[in-house]
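# Structural overview
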Protein chains: 2
Amino acid sequence: MIVRREDGAGGKYMSEFLKKYVFPKISSKAGEIALEDMEDSADFSENFVLTTDSYTVKPPLFRGGSIGSLAVCGTANDLAVVGAKPSYMSLSLIVQEGFEIEKLERIMEDISKAKDEVGVKVITGDTKVVEANIEIFINTTGVGERSEELEENLEAVRSYREYPFRWIRDKGAKEGEAVIVSGNVAEHGLTILLERESLNFEIDVSSDVYPVWKFVRKALKVGGITSMKDPTRGGLANALNEIAEKSGVGILVEEEKIPIREDVKFVCETLGIDPLSMANEGKVVMTVVKDLADEVLQVLKKFDENAEIIGYTTKEFSEVVMKTRIGTMKVVPPPVMDPVPRVC
Amino acid sequence: MIVRREDGAGGKYMSEFLKKYVFPKISSKAGEIALEDMEDSADFSENFVLTTDSYTVKPPLFRGGSIGSLAVCGTANDLAVVGAKPSYMSLSLIVQEGFEIEKLERIMEDISKAKDEVGVKVITGDTKVVEANIEIFINTTGVGERSEELEENLEAVRSYREYPFRWIRDKGAKEGEAVIVSGNVAEHGLTILLERESLNFEIDVSSDVYPVWKFVRKALKVGGITSMKDPTRGGLANALNEIAEKSGVGILVEEEKIPIREDVKFVCETLGIDPLSMANEGKVVMTVVKDLADEVLQVLKKFDENAEIIGYTTKEFSEVVMKTRIGTMKVVPPPVMDPVPRVC
């Protein structure tokens, strides 16, 4: 028996792999969020959360960013979606012997810019050089702090209904809430795929890598957010399915509401890939108490006019269902894996 | 210009590499310990410290342990040597496609055992599968908490002299203090070297990988520890030089006091390698206020009878100097790099 590519590709296979080989050995929790909850961050010592990601994206430099910007934003985003302010970060570089210094300098420059944009402090690090053909891998681990914005959000939610969690949880959604996406999807995944495969499409697309805390904090101040995820590996389809499954609700989305560029959609479909399963690195999907949804949307639109309410949670079914442009209904299953290997 | 093996091998070259390409871009600190101080952990939010390490040891399974036990103990040890209780940890696996599940299971088993022995909680994680020829890399990032033992230690130190730091710092030593090593050195590095090179020496040696908090906390309770490091990459020679340079003191050690097995020393020297630059994964070296040194040593000896006072700090010179078995004096320079690549 060997480890398969799909065991680490987000989605259903990875989840099965972790449940079989990882969680039984090391399951533990320090607060309300356990390792095996598979949320974006886990809380400790009342007011902090911890999250980790190893970035192995290939190529390490791509249109719109690099493994450097990805490593800072990706980890900061995992803190932001539980409602935590990204405060501190560790940075661990694993570099292949022979990697060009010029590339490393560009990556470090991106790390520097991204950390300043997020407002996170890189306080500790590690460097290894190996002979394996990796180019560069980066691990960032982030510490987030309980924020005023989170408290305001929870207060707003609780003025409408019970919310028994101290952080924004994947399982926090209830029926009758709006589902909002903060901007166009599928652009990071498509960028990486096109760069790697040297596919010749005449399309001007680049990674959407961006620190979501910059707009998430404004949305939290309006309040009403009951669950939130950044749709990375496995894309929007994976994020929606995780919220639906963990919250025990169905989700009905309208295809024509899902923000995606026509040309991005066209290229994905030409390549036989569902754009909803393509990774994003600067977007969030959230469920919001109905009465506050429009106000949250307006705040998000100030940052990205493509933000949209794409549907609602429901108790009528338990899957993620999409009403297509031609009016038919189809189930959006959880992706078995991300369609692009080494996308982040 | 390319990244060289020595840029990530501990020691002088790595330090130069970091000062040139990494620190200028991302230098920051959240408490008293800055990234560029290159200490084992950095403090944040008053009562916590953070540390990170990516483990790339080859082979991933070796006599006495595996990359799994190394990943938990190594990171916990970096927390322990600043005086923090290892409390929480993240675990990020990067696994090569095709890696044997049986090996992965042994590694997970080691992680499980080590985390229980340390008493640390693994609360968040990440998994990636890549096609690069790495076998397995593991990043662990640890959060340590201010401990009662640390407070007791600082109180004891301050009853003898000023100590202007809130954590145990590399720069904390002053002249006239005892230098203690907690047990035999060079065994981890030699084990990895022998396994990898399939060298045929008739020697029964295995990695010393062990969570040092188990005995460090007892030593802290006695008190008087003014600086402490776990001598990993670059070994005892590197750890002593770091303390000497950062504290601005010289260190005089006696060769015959340095605990090392005769056969380990013999094999190292036969291979042309200085055993003092070989990595250890379950030892500490510390400076201790003179009056408390014997008591600290006795506590350490309960855990490992080979613990020894190997010398003293001095203002007579600024290097690390060793009095050899034949009575001559020689400088122990900071290793330019660890003699064994991918040792941890």
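These numbers were taken from a predicted model, which means no experiment stands behind them. (Residues numbered from 1 in each chain as written. Chains lettered and ligands numbered in written order. Predicted model: local features only at pLDDT ≥ 70, side-chain atom pairs only at ≥ 80, totals over all residues. Heavy atoms only, no water.)

## Regarding the pattern of salt bridges
Quick reminder of the rule: Between Lys or Arg on one side and Asp or Glu on the other, a salt bridge is scored when a side-chain nitrogen of the former is within 4 Å of a carboxyl oxygen of the latter. The helix and strand labels rest on DSSP assignments: H or I over at least four residues marks a helix, E over at least two residues marks a strand, and numbering proceeds from the N terminus. Only protein chains enter the accessibility calculation, which uses a 1.4 Å probe. A residue is then buried if its area is under 20% of the maximum for its type, exposed if over 50%, and partly exposed in between.
Under the definition given, this model contains 70 salt bridges over all chains. B:Glu131 serves as the salt-bridge partner of A:Arg342, at 3.5 Å between the closest nitrogen and oxygen. Of this pair, A:Arg342 sits in the segment after strand E14 (329-331) while B:Glu131 sits in the loop between strand E6 (121-130) and strand E7 (136-146), each in a different chain. Judged by its relative accessible area of 9%, A:Arg342 falls in the buried class. Judged by its relative accessible area of 38%, B:Glu131 falls in the partly exposed class. Of the charged contacts, one joins B:Arg166 and B:Glu46 as a salt bridge, the two residues approaching to 3.8 Å between their closest N and O atoms. With B:Arg166 in the loop between helix H4 (148-158) and strand E8 (178-181) and B:Glu46 in the loop between strand E1 (42-44) and strand E2 (48-55), this residue pair connects regions lying 120 residues apart in the sequence. Under the relative-accessibility criterion, B:Arg166 is labelled partly exposed at 30%.

## Structural notes on the packing of aromatic side chains
Residues and elements named next belong to chain A. Stated formally: Any two of the Phe, Tyr and Trp rings considered here, Trp counted by its six-membered ring, make a pair once their centres fall within 6.5 Å; the pair's planes then place it as stacked at under 30 degrees, edge-to-face at over 60, or tilted in between.
Going through the model one piece at a time under the given rule, you end up with 16 aromatic pairs over all chains. Between Phe 215 and Phe 303, the aromatic rings sit 6.1 Å apart at their centres with planes inclined by 50°, giving tilted as the arrangement. Here Phe 215 is found in helix H6 (residues 213-222), whereas its partner Phe 303 is found in helix H9 (residues 290-303), with 88 residues between them in sequence. Under the relative-accessibility criterion, Phe 215 is labelled buried at 6%. Looking at Phe 303, the relative accessible area reads 40%, which means it is partly exposed.

## Re the interface of chain B and chain A
Stated precisely, the cut-off is as follows: Only heavy atoms enter the contact rule, under which two residues are in contact if any of them lie within 4.5 Å. When two parts are put together, the accessible area they lose, computed with a 1.4 Å probe and summed over both, is reported as buried area. Two N or O atoms count as a polar contact when they lie within 3.5 Å, although within protein this holds only if one can serve as hydrogen donor and the other as acceptor, and sequence-adjacent residues are included solely when both atoms are side-chain atoms. Gly is placed with the polar residues, together with every amino acid not listed as nonpolar (Ala, Val, Leu, Ile, Met, Phe, Trp, Tyr, Cys and Pro) or charged (Asp, Glu, Lys and Arg).
Contacts between chain B and chain A engage 74 residues on the former and 74 residues on the latter. Both sides together, the interface formed by chain B and chain A hides about 6,400 Å², and carbon and sulfur atoms give 65% of it. The interface formed by chain B and chain A includes twelve salt bridges. The interface formed by chain B and chain A includes 34 residue pairs in polar contact (both at pLDDT 80 or more). Contributing elements (two or more residues each) for the side of chain B that touches chain A: helix H1 (11-26), E1, E2, strand E5 (84-96), helix H3 (101-118), E6 and E7 of chain B. It is E6(B) that contributes the most residues to the side of chain B that touches chain A, ten residues altogether. Grouping the amino acids of the side of chain B that touches chain A by side-chain chemistry returns 36 nonpolar, 18 polar and 20 charged.

## A few points about unusual backbone geometry
Apart from glycine, the bulk of residues carry a negative phi angle, and the bulk of peptide bonds sit in the trans form. Residue and element names in this part refer to chain A. Going from Lys 58 to Pro 59, the amide bond is cis rather than trans, its omega being 0°. Mapped onto the elements of the fold, Pro 59 is located in the loop between strand E2 (48-55) and strand E3 (61-62). Even without being glycine, Ala 186 reaches a positive phi, approximately 85°. Structurally, Ala 186 is set in the loop between strand E8 (178-181) and helix H5 (187-197).

## Let's talk about the domain arrangement of chain A
Residue and element names in this part refer to chain A. In plain terms, the rule: As annotated, the domain borders come from an automatic or database domain assignment.
Taken domain by domain, chain A comprises domain 1 (5-145) and domain 2 (149-331). Domain 1 and domain 2 are separated by 21 Å when their C-alpha centres are compared. Taken together, the 39 residues of domain 1 in the interface contact 35 residues of domain 2. Between domain 1 and domain 2, roughly 3,100 Å² of surface is buried when both sides are summed, and carbon and sulfur atoms account for 52% of that area. The largest share of the area that domain 1 buries against domain 2 comes from Glu 32, Arg 63 and Val 81, three residues that together contribute 21% of it. One can count seven salt bridges joining domain 1 with domain 2. Notably, a salt bridge pairs Arg 169 with Glu 32, separated by 3.2 Å at the nearest N-O pair. At the surface where domain 1 touches domain 2, the tally comes to 20 residue pairs in polar contact (both at pLDDT 80 or more). Listed by contribution, the elements that provide at least two residues to the side of domain 1 that touches domain 2 are helix H1 (11-26), E2, E3, helix H2 (67-80), strand E5 (84-96) and helix H3 (101-118). Counting residues per element, the side of domain 1 that touches domain 2 draws most heavily on H2, which supplies seven residues.

## Overview of helix H4 (residues 148-158) of chain A
Given 3.6 residues per helical turn, the α-helix brings residues three or four places apart onto the same face. Residues and elements named next belong to chain A. Under the convention used in this document: This arc corresponds to the set of directions leading from the helix axis out to the C-beta atoms.
Taken together, the buried positions of H4 are occupied by Glu 149, Leu 150, Asn 153, Leu 154, Ala 156 and Val 157. Burial along H4 is one-sided: seen end-on, the buried residues are contained in an arc of 160°. Looking at H4, the residues exposed on the side facing more than 90 degrees away from the buried face are Glu 148 and Glu 155. Tucked into the core, H4 has its buried residues touching strand E7 (136-146), H6, strand E9 (225-229) and H9.

## Some details on the UniProt feature "domain: PurM-like C-terminal" (unreviewed entry) in chain A
Just so we agree on the cut-off: UniProt positions are given in the numbering used here, feature names are shortened, and annotations may be inferred rather than shown by experiment.
Look at the UniProt record and you will see "domain: PurM-like C-terminal" (unreviewed entry) annotated at residues 174-321 of chain A. The span residues 174-321 of chain A is 39% helical and 18% strand by assignment, and the distance between its end C-alpha atoms comes to 16 Å.

## Comments concerning the packing of H3(A) against H1(B)
This is how the line gets drawn: Only C-alpha atoms enter the line fits that serve as axes; for helices the fit covers just the stretch in contact. Angles between N-to-C directions range over 0 to 180 degrees. What sets the label is the angle itself: under 35 degrees gives roughly parallel, over 145 gives roughly antiparallel, 65 to 115 gives roughly perpendicular, and the rest give oblique.
One way to put it is that H3(A) packs onto H1(B) with a least axis distance of 8 Å and a crossing angle of 25°. Judged by the inter-axis angle, H3(A) sits roughly parallel to H1(B). In this structure, H3(A) contributes A:Ile101, A:Leu104, A:Glu105, A:Met108, A:Glu109, A:Ile111, A:Ser112 and A:Lys115 to the contact, and H1(B) contributes B:Phe17, B:Tyr21, B:Val22, B:Lys25 and B:Ile26. Considered class by class, the residues forming the contact of H3(A) with H1(B) number eight nonpolar, one polar and four charged.

## Digging into the environment of A:Val340
Residues and elements named next belong to chain A. One can find Val 340 in the segment after E14. Along the chain, Val 340 and Arg 196 lie 144 residues apart, while their C-alpha atoms are 9.8 Å from each other. Among all residues touching Val 340, those that are not within four sequence positions of it are Gly 189, Ile 192, Leu 193, Arg 196 and Met 278.

## Remarks on the pairing of E2(A)
Every regular strand shows the same layout, with side chains that alternate between the two sheet faces. Residues and elements named next belong to chain A. Rules: For two strands to pair, DSSP has to find at least two bridges joining them.
Within E2, eight of the eight residues are buried, which leaves it mostly tucked inside the rest of the structure. Across three bridges, the pairing between strand E1 (residues 42-44) and E2 is antiparallel. Paired with Asp 43 across the two strands is Val 49, which belongs to E2. Relative to E7, E2 runs antiparallel, the two sharing eight bridges. Among the inter-strand pairings, Phe 48 is bridged to a residue of E7, identified as Glu 145.

## What to know about the sheet that holds E6(B)
Residue and element names in this part refer to chain B. Overall, mixed pairing links the five strands, which are arranged E1-E2-E7-E5-E6 in an open sheet. Both outer strands of the open sheet, E1 and E6, are each paired with one neighbouring strand and no more. Averaged over all neighbouring strand pairs, the angle between strand axes comes to 20°, with direction disregarded.

## Comments concerning the side chain of B:Lys115
For B:Lys115, the position within the fold is in helix H3. Discounting chain neighbours no more than four positions away, the residues touching B:Lys115 are A:Lys25, A:Ile26, B:Val72, B:Val120 and B:Val122.

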